[in-house]
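Chain residues, written in single-letter form:
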Amino acid sequence: MLALVLVPALAISQSPPSAAGSNVSWTFAVSGDSRNCGDFVMPVIALRVQAEKDAFYWHLGDFRWIGSPDEDFAAMAGAPVAKDAYQKAAWDDFITHQLTSFGDFPVFLGRGNHETIAPMTRDGYIAKFDAYLNRPEIVAQDAKDGAGAAPKGSPWFHVVRNGVDFITLDNSSKDEFSDAQLAWLRGVLDRDLAAGSGVTTIVAGMHEAMPHSTSSNHAMDDWPRGVQTGEQVYKWFGAAQTTGKHVYLVASHSHFYSPAIYDTPFWQQAGMVVPGVIIGSAGAHRYLLPPAAAAGSKTHIYGYLQAKVHDDGTIDFAMEEVGEAEMIASKWPNAPLSAVYECYTHNSD
C-alpha cells in the first residue's frame, strides 16, 4: 500500500458559521460508486475538484467490484487475472489509481456494500483505510465530542465546518443501522440541535438511500432492519428540519444522478419531505432510471456533484459530468484507449 500524505487539520476547519449578509460561499464535491471503470473516471474528478478549489471530496462507497475483476483493472493488467489475485489487490488498486490522484487534497470515505463482499471485512476496511478514517479533521472532531465520539477508525463519523455538520453514515451491511451507530447519531443530532451549537446545516452522506425514495427498489428497503432503522433515522433528520436546520441527504448505490429522491407519496403523506439526491456516477456500471425518478435525473453519464454552501446555510447541488476526452487525457499509461472507450460508451444497462 502506498504511503499517504495527509493535509493539516485546517482543511476542514472548526470555525464558526460566516456572518449573515457576508455573501461568503464555498464548495465541496461528492459522488460514489467508482467500481468497474473508476480508475478512468476518478482521476478526472480529482483534477476537477482541485481546480475548482472545493473544500474536500466525499466518496460514498463501492470502491471496487470485488465479486470479479473490474473492467479497468483487467484492461490495465493486460492479461487474465485470477479472482483471488484480483481480490488481494483490489483495494490497493483503488488507492493507487483513484485516491492518489487527489494528492494531499482532502478526501473522506464512506463504506459501500461492495466493501462487505467476501473476502473483504469490516476490520479489513478499517485497517486498510485507517489514514482516511482517522484524518486530522475527524480526530479533532472526536476530541471535541468527547464521550459522544464515534469509535476510533469507525466507518461512521462526522466533521463540522463553518456551521455545517457533515455526517458519514454506514448502511453497507444488513446489520445497519446498528444500535451503536444509532446511539452515536442521536448524540450528534442532539448536540447540533442544542442552543448555541453554531450548526445551521446538516448534510448526511451514506451509500444506500433510506427507505421510500424514488430508488426504493435498490436501497435500505431491501432488508427488514434497513426499513425499520432507515425510517427512524430519516424521521430524525426530518425533525431536525422542522426546527429550522437546513438538512440534506446524499446517497449513491444506484448508478445515476437523481434529485428530489424523497419527494415521494410516502414521505409527502407523512409531511416530512427532506431534500435528497443520489449520485452514484463515479465509474460504476450505469443503471436505467427508475420510473419515479424526478425531472432532471440522468444516467449513462459519469460525474459528481459540486455543492455550493451559502452564508445562510443553504446548499445548491450541481451535477458536473465527466467527458470521454477528459478520461483519455487523464488515463494511466498502461490503460488501453480501447478500454477507456469501452467504459465511456458501453458500461451501462
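From a predicted model like this one, the values you see are computed outputs, not experimental measurements.

A. Focus on the pairing of strand S5 (residues 164–168). Burial analysis of S5 places 5 of its 5 residues in the buried class, the great majority of the element. Side chains Val164, Phe166 and Thr168 project from S5 onto one buried face, and the interleaved Asp165 and Ile167 project onto a second face that is buried too. Counting the residues in the hairpin turn of strand S4 (residues 157–161) and S5 gives 2 residues, including Asn162, whose phi is positive at 50 degrees. Summarising the sheet, S5 and strand S6 (residues 201–205) pair through 5 bridges and their orientation is parallel. Counterpart to Asp165 in the pairing with S6 is Ile202. Once the chain exits S5 it traverses helix H7 (residues 179–193) before rejoining the sheet at S6, and the crossover so formed is right-handed.

B. Examining the state of the cysteines more closely. Within the structure shown, the criterion is met by 1 disulfide. Two residues, Cys37 and Cys343, share a disulfide whose sulfurs are 2.0 Å apart. Between Cys37 and Cys343, the disulfide has an S-S torsion of -75 degrees and is therefore left-handed. Of this pair, Cys37 sits in the loop between strand S1 (26–31) and helix H1 (38–51) while Cys343 sits in helix H11 (residues 337–346), and the two are 306 residues apart along the sequence. The same class applies to Cys37 and to Cys343, which are both buried.

C. Looking closely at the sheet that holds S1. Pairing in this open sheet of 5 strands is mixed, and the strands run S3-S2-S1-S10-S11 from one edge to the other. Every interior strand has two partners, whereas the edge strands, strand S3 (107–109) and strand S11 (315–322), have only one. Neighbour to neighbour, the strand axes of the sheet diverge by 25 degrees on average, direction disregarded.

D. Structural detail: helix H3 (residues 83–97). The largest bend along H3 reaches roughly 45 degrees and is located at Ala90. Packed against the buried residues of H3 are H1, strand S2 (57–59), helix H2 (71–77), S3 and helix H4 (122–128).

E. Structural context of the confidence of the model for the protein. With 93% of its residues at a pLDDT of at least 70, the protein reaches an overall mean of 94. Here residues 1–22 is a poorly scored stretch, pLDDT under 50, and it has 55 contacts once near neighbours within four places are set aside; other chains count.

F. Main features of the environment of Gly153. If you trace the backbone, Gly153 turns up in the loop between helix H6 (136–145) and S4. Gly153 sits 85 residues away from Gly238 along the chain, and the two C-alpha atoms are 28 Å apart. The contact partners of Gly153, leaving out residues within four places of it in the chain, are Ile126, Leu133 and Asn134.

G. View of the sheet that holds S4. Ordered by their spatial adjacency, 6 strands build an open sheet running S4-S5-S6-S7-S9-S8, and the pairing between neighbours is mixed. Either end of the sheet is taken by a strand with one partner, and the two such strands are S4 and strand S8 (257–259). Strand after strand, the sheet turns through a mean of 15 degrees between neighbouring axes, direction not considered. In terms of strand pairing, strand S7 (residues 246–251) meets strand S9 (residues 276–279) through 3 bridges, oriented parallel. Note that in S9 the partner of Leu249 across the bridge is Gly276.

Parameters at a glance
Residues numbered from 1 in each chain as written. Predicted model: local features only at pLDDT ≥ 70, side-chain atom pairs only at ≥ 80, totals over all residues. Heavy atoms only, no water. Buried < 20%, exposed > 50% of the residue type's maximum accessible area, 1.4 Å probe, protein only. Helix = DSSP H or I, 4+ residues; strand = E, 2+ residues; numbered from the N terminus. Pairing = 2+ DSSP bridges. Right-handed = clockwise from strand over helix to strand, strands pointing away. Disulfide = S-S within 2.5 Å. Axes fitted to C-alpha atoms, helices over the stretch in contact; angles between N-to-C directions. Bend = angle between axes of the 7 residues up to and from the residue. Contact = heavy atoms within 4.5 Å. pLDDT = per-residue confidence, 0-100.

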